[in-house]
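Survey of secondary and tertiary structure
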Amino acid sequence: MDVYRKELADTKQELDTISIEIDSLLQRQASLQQRKTELDSILRQSSAKSDDNDKKWDKQDFEWSNNLLAKMGSVFNIQTLRPMQLQTMNVTMSCKDCMLIMPTGGGKSLCFQLPALLSKGITLVVSPLVSLMEDQIMALERFGIDATKLDASASKEKVKAVQEAMLDKSASLKLLYVTPEKLAKSKRFMAKLEKMYQAGRFSRLVIDEVHCCSQWGHDFRPDYKFLGIMKRQFPEVPILGLTATATTKVLEDVKKILNIPNCHLFKASFNRPNLFYEVKAKPSAFKETISEMVELIDKRFRNQSGIVYCFTQKESEEVTRELRQQGIKTGCYHASIPAKQKSQIHEMWLADKILVIVATVAFGMGIDKPNVRFVIHHSISKSMENLYQESGRAGRDEQRSDCIVYYRFADVFKQSTMVFTEQTGLDNVYGVMSYCLDISKCRRASIARHFGELWG
């Protein structure tokens, strides 16, 4: 009997060991499968890129080329284009679908604003934030371009005027900005788009921050999924999707959602050579962290402009208060601050009357201050995409700028409690944790791998 009991115990133990090994192998299999999918996608995109090069989208002998170059100088006062801009404009002017992945500050907006001037009808721009629309419209008005937005605050008179311009061939309106919610929830507006399309006035559909379509992305917006019907509804209208941050998995998902599987893809390198990435161990005491930051701002970035990102509104107010007490000209910016006060803080920072903005993620989209010398993350971002995008607000004048993250485990737990209900929330936070902990790799190489780019 004892022999059988021993054999049974040994059998159970061996089964337990095998179960653990099977679990480990299954996890490894899932990891390899995901990497295989990513590599397949990278190779497909590389192949598509070669095809695009074969078609010479960077040529200047299209029927619109002379007009495009003339308007570029006379309207926008730009003498030379950045990489991928001309190719993207030529593709969208050819009425073909296109996706452009370009770093923050790379010049994505010009890729639809300039073609809009050359097109007969109206370019519809879907954008996630009203503040971002306002920034772009103000900039376009300075160039003398007729652009407007339709949102919940629009008066009946304005709505009527815009709807008339949508159908009037003699109207000067070139760019119309809307939120995805406007398309998803307004049947009346969709009916007007139908009439604009039938009248041959719907030039193109531009989807800014196109990664918001995908649940695998870092900023999923449910109303962005509604955009999947646009290709079926308006089959002749070219779609131009723009983003600064999208992994290969997100790109494939977005193409499927928007029904543009064979769109042209232009992907500028994620790398901005003038940005220098750094991770610092964050002291456990709040005052110690502030002391380090003050020393950094006073010595390395004295009298220079920068942004400090915080996790919560309360934290941003506390950091602002401490920096001011240390003699640093600082403004606080978060979603609960009244709109008028936010605008004042933003304008003072743009005019260098205050040097440092301490903010939550509410401060970011559409920020175009060229001489931001540093971006400090007092707390880690919720994803690598957010970290890269927020850091990308530095150095738009192409001068050396620093992107510094203060890291500690306690902040990982804080972020985890905020994002655990999101489909990829925890994975995204762990991705940032991995970036912060890996001291064996160059920071650029870690970011490159995340965005599916090879880096030496």
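Residues numbered from 1 in each chain as written. Predicted model: local features only at pLDDT ≥ 70, side-chain atom pairs only at ≥ 80, totals over all residues. Heavy atoms only, no water.

1. Focus on the packing of helix α11 (residues 286-299) against helix α12 (residues 313-325)
Quick note on the threshold: Fitted lines through C-alpha atoms give the axes, limited to the stretch in contact for helices. The angle between two N-to-C directions lies from 0 to 180 degrees. By the criteria applied, helices consist of DSSP H or I runs no shorter than four residues and strands consist of E runs no shorter than two, each listed in order from the N terminus. By definition in this entry, angles of less than 35 degrees are roughly parallel, angles greater than 145 are roughly antiparallel, angles of 65 to 115 are roughly perpendicular, and the rest are oblique. Handedness of each helix crossing follows the sense of rotation of the near helix against the far helix: counterclockwise by less than a right angle gives left-handed, clockwise gives right-handed. What makes two residues a contact is simply this: any of their non-hydrogen atoms within 4.5 Å.
At a closest axis distance of 10 Å, the pairing of α11 and α12 adopts a crossing angle of 55°. Classified by the angle their axes make, α11 and α12 are oblique. For the pair α11 and α12, the crossing hand works out as right-handed. Contact residues: α11 offers Phe286, Lys287, Ile290, Met293 and Val294, while α12 offers Glu318, Val319, Glu322 and Leu323.

2. Remarks on the sheet that holds strand β4 (residues 175-178)
Keep this limit in mind: When DSSP locates at least two bridges between a pair of strands, those strands are taken to pair.
Pairing is parallel across the open sheet formed by 7 strands, whose spatial order is β3-β4-β2-β5-β6-β1-β7. If you trace the sheet from one side to the other, it starts and ends with β3 (147-150) and β7 (264-267), each paired once. Taken over all neighbouring pairs, the strand axes of this sheet differ in orientation by 20° on average, direction set aside. Relative to β4, β3 runs parallel, the two sharing 4 bridges. The residue of β4 that forms the bridge with Thr148 is Leu176. The strands touched by helix α4 (residues 110-118) within the sheet are β1 (98-101), β2 (122-126), β4, β5 (202-208) and β6 (239-243), with β4 carrying the most contacts at an inclination of about 140°.

3. Re the nonpolar core
What counts here: Definition used in this section: a nonpolar core is a set of buried Ala, Val, Leu, Ile, Met, Phe, Trp, Tyr and Cys residues joined via side-chain atoms within 4.5 Å. Burial classification: accessible surface area is computed with a 1.4 Å probe over protein chains only, and a residue below 20% of its type maximum counts as buried, one above 50% as exposed, and the rest as partly exposed.
Judged by nonpolar contacts, the single largest core of 40 residues is most densely connected at Leu124, Leu183 and Leu193. At the level of secondary structure, the elements contributing two or more residues to this core comprise β1, β2, α6 (156-167), β4, α8 (187-198), β5 and α10 (248-257). Dropping the residues within four chain positions of it, Leu183 is found in contact with Leu124, Val126, Val178, Phe189, Met190, Leu193, Phe226, Leu227 and Met230. In terms of nonpolar packing, the next biggest core, distinct from the first, is built from 34 residues, Phe76, Leu100, Phe112 and Leu118 among them.

4. With respect to the pairing of β6
Extensive coverage of β6 is indicated by the burial of 5 of its 5 residues. Residue alternation in β6 divides its side chains into two sets, Ile239, Gly241 and Thr243 and Leu240 and Leu242, and both sets are buried. Two elements, β1 and β6, share 4 bridges in a ladder whose sense is parallel. Following the sheet pairing, Met99 is matched in β6 by Gly241. Here β5 runs beside β6; their pairing, made up of 4 bridges, is parallel.

5. Thoughts on the sheet that holds strand β10 (residues 330-333)
Strand order in the open sheet made by the 6 strands is β8-β13-β12-β9-β11-β10, with parallel pairing throughout. Of all the strands in the sheet, just β8 (275-281) and β10 have a single pairing partner and so form its edges. Within this sheet the neighbouring strands show an average axis-to-axis angle of 15°, counted without direction. Pairing of β8 with strand β13 (residues 401-407) involves 7 bridges; the strand directions are parallel. If you follow Glu278 over to β13, its bridge partner there is Ile404. Packed onto the sheet, α12 meets β9 (305-309), β10 and β11 (356-359) and runs at close to 175° relative to β10. In the packing of helix α16 (residues 425-437) onto the sheet, contacts are made with β8 and β13, and the angle to β13 comes to roughly 105°.

6. A word on the state of the cysteines
Applied cut-off: By disulfide we mean two sulfur atoms from cysteines, separated by a distance within 2.5 Å.
Tallied over the full model, the rule gives 0 disulfides. Cys263 provides the cysteine sulfur closest to Cys98, a residue in no disulfide bond, and the two sulfurs are 7.0 Å apart. Free of any disulfide, Cys213 has its nearest neighbouring cysteine sulfur in Cys212, separated by 7.4 Å. Overall, Cys213 belongs to the buried group, its relative accessible area being 0%.

7. So, empty space enclosed by the protein
Note the cut-off: Buriedness of a pocket was judged along seven lines, with at least five required to meet protein on both sides within 12 Å; pockets are open sets of points on a 1 Å grid over the protein atoms alone, cavities are sets where a 1.4 Å probe fits but cannot get out, and lining residues have an atom within 4 Å of a point. Grid points are joined across faces, edges and corners, and a volume is the space filled by probe spheres set on the points.
According to the stated counting rule, one finds 3 cavities of 30 Å³ or more in the structure shown. Here the largest cavity is characterised by a volume of approximately 70 Å³. The wall of the largest cavity is formed by Ile101, Met102, Pro103, Ala244, Ala246, Lys267, Ala268, Ser269, Phe270, Tyr388, Phe451 and Glu453.

8. Quick word on the packing of helix α2 (residues 65-74) against α4
What counts here: Only Asp, Glu, Lys and Arg are considered charged in this grouping, and only Ala, Val, Leu, Ile, Met, Phe, Trp, Tyr, Cys and Pro are considered nonpolar; every other residue, Gly among them, is considered polar.
As a packed pair, α2 and α4 sit with axes 10 Å apart at the nearest point and diverge in direction by 115°. For the element pair α2 and α4, the recorded crossing hand is right-handed. Of the residues in α4, those in contact with Asn67, Leu68, Lys71 and Met72 of α2 are Leu114, Leu117 and Leu118. Looking at the contact of α2 with α4 residue by residue, the classes come out as 5 nonpolar, 1 polar and 1 charged.

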